[in-house]
Amino acid sequence: MGGFFGVVADRDCVCDLFYGTDYHSHLGTKRGGLAVCDREGRITRRIHDITNAQFRSKFDDEIDKFLGRVGIGIISDYEDQPLIISSKFGNFAIVTVGKINNVNEIAKAAFDAGISHFSESSDGELNPTEIVAMLINRKKTLVDGIRYAQHMIDGSCSILVLIEGRIYAARDRFGRTPVMIGEKPGAYAVTMETTALPNLSYRLKHELGPGEIVEITEKGVIQKYAPGDTTKICTFFWVYYGYPSSSYEGINTESARYRNGESMAADDAETLPEIDSVCGIPDSGIAHAIGYSNAAGKPYRRSFVKYTPTWPRSFMPQNQSVRDLIAHMKLIPVQTEIENKRMLFCDDSIVRGTQLKDQVVRLYERGAKAVHMRSACPPLLFGCRFLNFSRSRCELDLAARRAITKLEGREPDDEMIQPYLEYNSPKYLAMVEEIRKELNLHSLKFQKLEKLIEAIGVDPSKVCTYCWNGCDVEMTTETFE
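Residues numbered from 1 in each chain as written. Predicted model: local features only at pLDDT ≥ 70, side-chain atom pairs only at ≥ 80, totals over all residues. Heavy atoms only, no water.

A.B. asks: Help me get a handle on the overall build of the protein, residues and values and all.
C.D. replies: Counting its secondary structure elements, the protein contains 15 helices and 23 strands. The C-alpha atoms of the protein give a radius of gyration of 23 Å, which matches the 23 Å a tight globule of 481 residues would have. Here the C-alpha coordinates of the protein stretch approximately 70 × 45 × 40 Å along the principal axes. Out of the 481 residues in the protein, the part that is buried amounts to 56%. In the protein, 68% of the contacts between residues at least 6 apart in sequence involve partners at least 24 apart. (Helix = DSSP H or I, 4+ residues; strand = E, 2+ residues; numbered from the N terminus. Rg over C-alpha atoms; globule rule 2.2 N^0.38 Å. Buried < 20%, exposed > 50% of the residue type's maximum accessible area, 1.4 Å probe, protein only. Contact = heavy atoms within 4.5 Å.)

A.B. asks: Got a sec to walk through the sheet that holds strand β2 (residues 31-37)? Specific residues and values, please.
C.D. replies: Each strand in a sheet pairs with its neighbour through backbone hydrogen bonds, running either in the same direction (parallel) or in the opposite one (antiparallel). Pairing is antiparallel in the open sheet, where seven strands are placed in the order β3-β2-β4-β1-β10-β9-β11. Two strands in the sheet have a free side with no partner beyond their single neighbour: β3 (43-49) and β11 (203-207). Ignoring strand direction, the axes of neighbouring strands in this sheet form an average angle of 15°. Across the sheet, helix α1 (residues 14-22) is in contact with β1 (2-9), β2, β4 (70-76) and β9 (180-184); its angle to β1 comes to roughly 165°. (Pairing = 2+ DSSP bridges. Axes fitted to C-alpha atoms, helices over the stretch in contact; angles between N-to-C directions.)

A.B. asks: With reference to specific residues and values, describe the side chain of arginine 362.
C.D. replies: Secondary-structure assignment places arginine 362 in helix α10 (residues 354-365). Buried charge without a salt bridge: arginine 362, with aspartate 358 as the nearest opposite-charge side chain at an N-O distance of 4.4 Å. (Lys, Arg positive; Asp, Glu negative; His and termini not counted. Salt bridge = Lys/Arg side-chain N within 4 Å of Asp/Glu carboxyl O.)

A.B. asks: Please provide a residue-by-residue account of the sheet that holds strand β17 (residues 277-280), values included.
C.D. replies: Taken in spatial order, the four strands line up as β17-β20-β21-β22 in an open sheet, and their pairing is parallel. This sheet does not close on itself; its edge strands, each paired only once, are β17 and β22 (443-446). If you compare each strand with its neighbour and ignore which way they point, the axes differ by 20° on average. Summarising the sheet, β17 and strand β20 (residues 342-347) pair through four bridges and their orientation is parallel. Considered in β20, the bridge of valine 278 is made with leucine 344. Strands β20 and β21 (370-375) of the sheet are contacted by α10, whose axis makes an angle of about 155° with β21.

A.B. asks: How would you summarise the environment of isoleucine 213 if you had to cite specific residues and measurements?
C.D. replies: Position of isoleucine 213 relative to the elements: it lies in strand β12 (residues 213-217). By relative accessible area, isoleucine 213 is classed as buried at 0%. For the pair formed by isoleucine 213 and tyrosine 168, sequence separation is 45 residues and the distance between their alpha carbons is 6.9 Å.

A.B. asks: Requested: an account of the pairing of strand β13 (residues 220-225), with residues and values cited.
C.D. replies: Here β12 runs beside β13; their pairing, made up of five bridges, is antiparallel. Bridging from a neighbouring strand, glutamate 215 pairs with isoleucine 222 of β13. Hairpin geometry of β12 and β13 is characterised by an intervening segment of two residues between the two adjacent antiparallel strands.

A.B. asks: Mind laying out the packing of aromatic side chains, listing which residues take part and the relevant values?
C.D. replies: Counted under the stated rule, the structure contains 14 aromatic pairs. Here phenylalanine 111 and phenylalanine 118 contribute two aromatic rings whose centre-to-centre distance is 5.5 Å and whose plane-to-plane angle is 55°, an arrangement assigned as tilted. For phenylalanine 111, a relative accessible area of 39% gives the class partly exposed. By relative accessible area, which is 12% here, phenylalanine 118 ends up buried. Ring geometry for phenylalanine 236 and tyrosine 241: centres 6.4 Å apart, planes at 25°, overall stacked. The burial state of phenylalanine 236 is the same as that of tyrosine 241; both residues are buried. (Phe/Tyr/Trp six-rings, centres within 6.5 Å; stacked < 30°, edge-to-face > 60°.)

A.B. asks: Describe the environment of tyrosine 466, naming the residues involved and giving the relevant values.
C.D. replies: In this structure, tyrosine 466 sits in helix α15 (residues 466-469). Owing to a relative accessible area of 15%, tyrosine 466 belongs among the buried residues under this scheme. Sequence separation between tyrosine 466 and leucine 381 is 85 residues, and the spatial gap between their C-alpha atoms is 8.8 Å. The contact partners of tyrosine 466, leaving out residues within four places of it in the chain, are Phe382, Gly383, Arg385, Phe386, Cys471 and Asp472.

A.B. asks: Residue-level account of the packing of helix α11 (residues 399-408) against helix α13 (residues 426-439), with values.
C.D. replies: Relative orientation of the contacting elements α11 and α13 amounts to 110°, with a least axis distance of 9 Å. Judged on the interaxial angle alone, α13 and α11 are roughly perpendicular. The segment α11 lies against α13, with Ala399, Ala400, Arg402, Ala403, Ile404, Lys406, Leu407 and Glu408 engaging Lys427, Ala430, Met431, Glu434, Ile435 and Glu438. Each residue belonging to the contact of α11 with α13 can be placed in one class, and the counts come to eight nonpolar, no polar and six charged. (Parallel < 35°, antiparallel > 145°, perpendicular 65-115°, else oblique. Nonpolar A, V, L, I, M, F, W, Y, C, P; charged D, E, K, R; others polar.)

This is the structure we're talking about:
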C-alpha cells in the first residue's frame, strides 16, 4: 500500500520528518522518499530502494544533508516518490497513496490534448503520482487541481503537496485511507498513522473527512475544501495492516482485534473443538487470537514467532515464489508448543492461502495433532479496486475464488458468486469446506461480516467491504467545473 508523513514547523523539521515517515514502514517495502523545503523555497529530495534494507538505514548517512522547516516523506510499495514538479504554481513536491485504475486512460487523454510525455517508474509503468500532478496543474489553483484530480481518478488517492513553506493535505474523495493532523508547540504534522504522533510529542488535532483539503503552515491549519458526506474507509486497517497502536475514525486497531477475537470465540462457544492452545499467525493475527483465547478460556501460546529484524510483510511482492519464501523464512516454529498439541489458530485473513498451506504442513511435520483455523474476516472474493491490498494479476489467485471454480467447474462470474456470499448457506459452507480441504485443516471458520463490523465499532455505512461482497459506492469521473 503505502504511507505518508509531513511536517510544518517554526524550526528545522527534519528529525520529526525522518522518524515520522519511518513509522509508516509497515505499509510498504519497496521505496522510501523524503523532500524538504528550505527558507529560500529550494526543495531537497532523496528516494531509496528499501526492498532489502530498512528505511532508516538508507537515510541515516545523509539525513544531515536535509535542512528546512517543511517536509514530506513516504514509504511506497511501487512507484518512486516524492516527485518534484515544475509548474505554473512554482516548484512543488508531491506524494500520493491509493490506486488509480484508469492511469492509461488519463494519460491517453493528456496525449490527445497535447502533453508530450510522462516519465516511467522503474518497473516500466507510468508513475501514477506524476499523473496526479499533471491533473492538478490543469486547474487555476492547487486546491481546485487536487479536487479535479480526485474526481478524475477511478480508484482512490490521498495527497500531500509541499510548496513554498506549506503543505496541502487531501484525503481520498471517499476516505479510503486515513489522513490525520497532529500538533505540538511550534509544529504541525500530517500522517496516515496516529502511531507516528506520540513519540514525537504530537497530539491528534483533527482527522480529515472524505475529500477534505487543508493547508498547513507553521501558524495553523486552514480548511480549503470541506469534507463530503460519504466515507468508505478500508476495513482492513483494523483487520490487518493498521499498526496496533494506531486509531482510525477514533477506533483503536488493537482493541478492535481483541473484540473481534472475542466475537469469533462466542460463535464457537457451543461447538469449540478439543484444543490445547490458541495461537495467532504473526503479526496481525496475534491480537485476534488473544481476544479469542481470553473469551474461550483457553491458553494463548506462540507456536510460531516472527523474525522481525529483517523480514518484511509477505503479501506485498507480486511474485508468488518471493512471497512464499518470505513467509517461510520469517516464521520460526516453536517445537515444544507444536508437538502433540491440538491448536486453534487465528489469522487476520486468508487471501491466496498458499503461505498458510505451507505453514500447516510445517506444523504437521513437527508433530501437531490437530490444526484448526479461524479467519478474522470473511472469505475474500473480489480483488481490491481502491487500494493495492491483495494486488494480483488474476482474481483466481484468491483462495475463495479457486474453491468456487472447483465446485462449479468453471471460472465464476459475479452472478455465480452471489449465492456464496450468504453466510452459512449451503453454497457458502461448500466453499469453506473446499478451502478447508485444500489447506488440510481439521476445521475452518470465517468471521461473519456483520460481526466483524460490530467488533470494530464503526458505523457500517462508513467502511468499504468490497473485497468481501463486491458492494461499494458508485465510482464516477463526474464532470468537474
